[in-house]
Amino acid sequence: MMSTSSKRLQSSLFMISIAIILAILSLNCSAASTTSRPPQCAGADLRALQRFKAGIVDDQSRRLLSWNVSNCCQWKGVTCNNQTGRVVAIQLPGLFSQGLYIFDGYMKGTLSESVGDLQFLEILDLENTKQITGSIPSSLGKLQRLKKLILDKNNLSGSIPQSLGNLHNLQEMYLSENTLTGNIPDIFGGLKNLRVLDLFTNQLTGRIPTSITGLRNLTTLDLHGNLLSGSMPPSLGELRFLQTLDMSDNRLTGSIPDSIGMLTSLSSLYLFSNKLSGSIPSSIGNMRSLGFLRLEQNELGGVLPSSIGGLVNLKRVYISNNKIGGSIPASWGKLSSLTDLYLNGNRLSGSIPASVGELSNLQSLDLSYNSLSGSLPKELAKLSDLQIFDISFNNFKFGSVPTVISNFTGLLQLFLAGCGIEGRIPEWLSTMPNGLNTLDLSSNSLTGTIPSWVGNMTGLYSLILSNNALTSTLPAEMRNLPILGVLDLHSNHLTGPITAAFSMKSRSPDGNFETVDLSHNKFTGSIPLNVGVQKQMEQLVLSHNSLNGVIPSSVGTMERLKVLDLSANTLSGSIPSTLGGLAVLNTLELNENRLSGRIPNAFANLTSLSQLNVSHNSLSGRIPTGGLLQKFPISSYSYNSGLCGDPLPGC
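A.B. asks: Just checking my understanding: could you explain the overall build of the protein for this structure?
C.D. replies: A tally of regular secondary structure across the protein gives two helices and 43 strands. Taking 651 residues into account, the globule formula puts the C-alpha radius of gyration at 26 Å, and the protein, at 35 Å, lies well above it. Considered along the principal axes of its C-alpha atoms, the protein spans approximately 125 × 70 × 65 Å. The buried share of the protein, taken over its 651 residues, is 52%. Taking contacts inside the protein between residues at least 6 apart in sequence as the whole, the part at least 24 apart equals 52%. Here the protein displays about 27700 Å² of accessible surface, and carbon together with sulfur accounts for 50% of that area.

Printed below as a string of structure tokens:
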């Protein structure tokens, strides 16, 4: 049995243990309380931020409302160092989240020079605040610790300060989508830690400084959408870590430097919409990581390098609208990852190589506007994933639509304009497994009728059969095309009324038509009175037919109409005043009809009009004033015996 003294000792030890535990808990709580307390910001930083806030006159994001307490480390968008209390980050992007919600707000104002006094700042992020104007403060060059400068998607103007070249710790610079002018500072070549340089979509001019090739850690260089001129830096290949290079949409001249083949880490090369000339360097075949190659809209010549066939990661190739000749290299059939190949608008000759059939992932193939010839190789039948196929306007003389196309089970858009096709339209086109949404057989020698089975192609959006020798009337089955948006049948021998074209069972109450061109045929009858239900219509061309009756007043309700050409028919009656409400109309051709009465006064409201012709009618009265009508030549109004007023002789 335990003695009384032992019990007392045990009790004392227990109480001591409890006291120790409570003391430890108390210390932990005190430490936790100290840790959770925000640091106190330095006075110099507080004053600098207050001056920054004073430059912002409107804050729709409402984050600056929190900038009213004495401790700036508690302000939204401001981050301080926990030990020193110095401000290390200002992060106030236009797109931001609060809790589960994402907000898109803007700030209006200018950037204060005081930001340059935040000497410990590492991140300045004002991306997409949209209405920050004025120039970039040169004082930012004092921020020696700055790692990220993010000012893109604002309205900043002026030149890029030379002082930014002093930011030797800078890793990312985003100044894109502003209205900056002047040159890219040559001093930027000293920013050895820079990984991202985004200056796109500004108004920068001058040459790309050769010093930029000294940025050996650069992974992204995006200069597109400026006014840069001169040649590409010849030593561009020194940027060995570069993954994205975009110099598109500038005014660059000269050739693509051969050193570009040294960029073995590059995945995206965008040089389109410049004035580059010379040949595509064969060294591009060394860029094993390349996935996207865009060289379109230049003046490149020579031939297509066969070395490109070794780029197994290449997915999309756009080299259209250049001056490249020769044949398509057979080696390109090894591009196993290729999904899009656009070589249209060049001077390519020879036949399509059979190896193209090995491009099993190909979805888009555009070889139009070249000088290719021969037949389609049977190996193309393996292109089951192909969705877009365009070989229009080459030197093909197929005779009939090549049946190998029927094996393109994924095909959606087929363009065979100017391919020497004769005879009737084959019915198998209506049974393509995926259902065509675009069919272009224009500028061939097709004969016979527009077949009634076209009404079975219910997914058809664009039907282009112009410049052929088709006869007969429009099939009534056309009304079964619920999403037809483009109907171009001009320059055939079609007859009868045009009502079938405007009787579609549209899925939209405003109709689907964007373009209808039935001109240069032999259509008769009147323009349907309900044509105005096509509210999406942008171009309505019915000229050079034998249409009669009046111009329906409902035409004036087509608010998107830009082109209206009803010339060279036998239309009569007056010009509907409702046409004066077509605010975006830029072309109006009503000449060579039998129209009478006055030109509606409402025509003075046609402020977008750039082409007008009402000649060769029976119009009378004074030409309305107050708009653009006096700016058109006399020929726009001639051969209307009763018409008078400027620019015709006075009444």
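After that view of the structure, there is still more to cover.
A.B. asks: Looking at this structure, how should I read the state of the cysteines?
C.D. replies: A covalent bond between the sulfur atoms of two cysteines is referred to as a disulfide. Scanning all chains against the criterion turns up three disulfides. What pairs with Cys41 in a disulfide is Cys72, and their sulfur atoms sit 2.4 Å apart. Disulfide Cys41-Cys72: the torsion about the S-S bond is 135 degrees, which places it as right-handed. On the criterion of sequence distance, the pair formed by Cys41 in the loop between helix H1 (4-36) and helix H2 (43-54) and Cys72 in the loop between strand S1 (56-59) and strand S2 (78-80) is long-range, its members being 31 residues apart.

A.B. asks: What am I meant to see in the pairing of strand S34 (residues 522-526) here?
C.D. replies: The two faces of the sheet receive side chains in turn, since in a regular strand these alternate between them. Here strand S32 (residues 495-496) pairs with S34 via two bridges, running parallel. Note that in S34 the partner of Thr495 across the bridge is Lys522. Pairing of S34 with strand S36 (residues 546-548) involves three bridges; the strand directions are parallel. The residue bridging Ser526 from the neighbouring strand is Asn548, located in S36.

A.B. asks: Explain unusual backbone geometry to me, please; I cannot follow it from the model alone.
C.D. replies: For residues other than glycine, phi is negative in most cases, and the peptide bonds are mostly trans. The step from Asp646 to Pro647 runs through a cis peptide bond, and the omega angle for that step is 15 degrees. Along the chain, Pro647 turns up in the segment after strand S43 (642-644). Even without a glycine there, the phi angle at Lys153 is positive, about 60 degrees. Tracing the backbone through its elements, the reader meets Lys153 in the loop between strand S9 (148-150) and strand S10 (157-159). We note that Thr201 has phi near 55 degrees; this positive angle belongs to a residue other than glycine.

A.B. asks: Would you mind showing me how to read the sheet that holds S43 here?
C.D. replies: Spatial strand order, S38-S40-S42-S43: four strands in an open sheet with parallel pairing. Across the chains shown, the open sheet's two edge strands, defined by having one partner strand only, are strand S38 (572-573) and S43. The pairing of S38 with strand S40 (residues 594-597) spans two bridges and is parallel. Within the sheet, the bridge partner assigned to Gly573 lies in S40 and is Leu595.

A.B. asks: What exactly am I supposed to notice about the side chain of Gln534 here?
C.D. replies: Assignment of secondary structure puts Gln534 in the loop between S34 and strand S35 (539-541). In this structure, Gln534 is in contact with Asp510, Gly511, Asn512, Phe513 and Met558, ignoring residues within four places of it in sequence.

A.B. asks: For this particular structure, what's the right way to read the environment of Arg63?
C.D. replies: One can find Arg63 in the loop between S1 and S2. If sequence neighbours within four positions are ignored, Arg63 has contacts with Lys76, Gln91, Leu92, Pro93, Gly94, Phe96, Gln98 and Met107. Reaching out from Arg63, the side chain makes a polar contact with the side chain of Ser61 at a distance of 3.0 Å.

A.B. asks: What is the right way to read the pattern of salt bridges from this model?
C.D. replies: Any two side chains of opposite charge can pair if their charged atoms end up close together. Following the criterion strictly, the structure yields 10 salt bridges and no others. Here Glu238 makes a salt bridge to Arg216, at a shortest N to O gap of 3.9 Å. Separated by 22 residues along the polypeptide, Glu238 in the loop between strand S15 (229-230) and strand S16 (244-246) and Arg216 in the loop between strand S13 (196-198) and strand S14 (220-222) bring together distant segments of the chain. Looking at Glu238, the relative accessible area reads 28%, which means it is partly exposed. Owing to a relative accessible area of 41%, Arg216 belongs among the partly exposed residues under this scheme. Arg316 is paired through a salt bridge with Asp340; the nearest N and O atoms lie 3.3 Å apart. Linking Arg316 in strand S20 (residues 316-318) with Asp340 in strand S21 (residues 340-342), this pair joins segments that are 24 residues apart in sequence. Note on Asp340: relative accessible area 9%, which makes it buried. Among the ionic contacts, a cluster of salt bridges with common partners joins Arg51, Asp117 and Lys142.

A.B. asks: Would you explain a nonpolar patch on the surface in this entry?
C.D. replies: A cluster of nonpolar side chains, Leu100, Tyr101 and Phe103, forms an exposed patch at the surface whose accessible area comes to about 410 Å². In this fold, Phe103 is placed in strand S5 (residues 101-104).

A.B. asks: Is there a simple way to think about H2 in this case?
C.D. replies: For H2, built from 12 residues, the straight-helix expectation of 16 Å at 1.5 Å per residue is met to within 8% by its first-to-last C-alpha distance of 17 Å. Turning to H2, its buried residues number three or more, namely Asp45, Leu46, Ala48, Leu49 and Phe52. The buried residues of H2 all sit within an arc of 165 degrees when viewed along its axis, so they share a single face. Contacts made by the buried residues of H2 are with S1, S2 and strand S3 (87-91).

A.B. asks: Looking at this structure, how should I read the sheet that holds S36?
C.D. replies: Pairing between the strands of a sheet is mediated by backbone hydrogen bonds and can be parallel or antiparallel. Strand order in this open sheet of three strands is S32-S34-S36, and the pairing throughout is parallel. The sheet is open, and its two edges are formed by S32 and S36, each paired on a single side.

A.B. asks: Explain the confidence of the model for the protein here, please?
C.D. replies: Predicted coordinates in regions of low pLDDT should not be interpreted in detail. Per-chain confidence: the protein averages 93 in pLDDT, with 94% of residues scoring 70 or above. When the criterion is pLDDT under 50, residues 1-35 qualifies, and its contacts beyond four places in sequence or with other chains add up to two contacts.

The rules behind the values
Residues numbered from 1 in each chain as written. Predicted model: local features only at pLDDT ≥ 70, side-chain atom pairs only at ≥ 80, totals over all residues. Heavy atoms only, no water. Helix = DSSP H or I, 4+ residues; strand = E, 2+ residues; numbered from the N terminus. Rg over C-alpha atoms; globule rule 2.2 N^0.38 Å. Buried < 20%, exposed > 50% of the residue type's maximum accessible area, 1.4 Å probe, protein only. Contact = heavy atoms within 4.5 Å. Areas by Shrake-Rupley, 256 points an atom, 1.4 Å probe, with all protein chains shown as cover. Disulfide = S-S within 2.5 Å. Pairing = 2+ DSSP bridges. Polar contact = N/O pair within 3.5 Å; in protein donor to acceptor, adjacent residues only side chain to side chain. Salt bridge = Lys/Arg side-chain N within 4 Å of Asp/Glu carboxyl O. Patch = residues over 30% accessible without salt bridge, like charges linked within 9 Å, V, L, I, M, F, W, Y side chains within 5 Å. Expected span 1.5 Å × (residues − 1). Arc of directions from axis to C-beta. pLDDT = per-residue confidence, 0-100.

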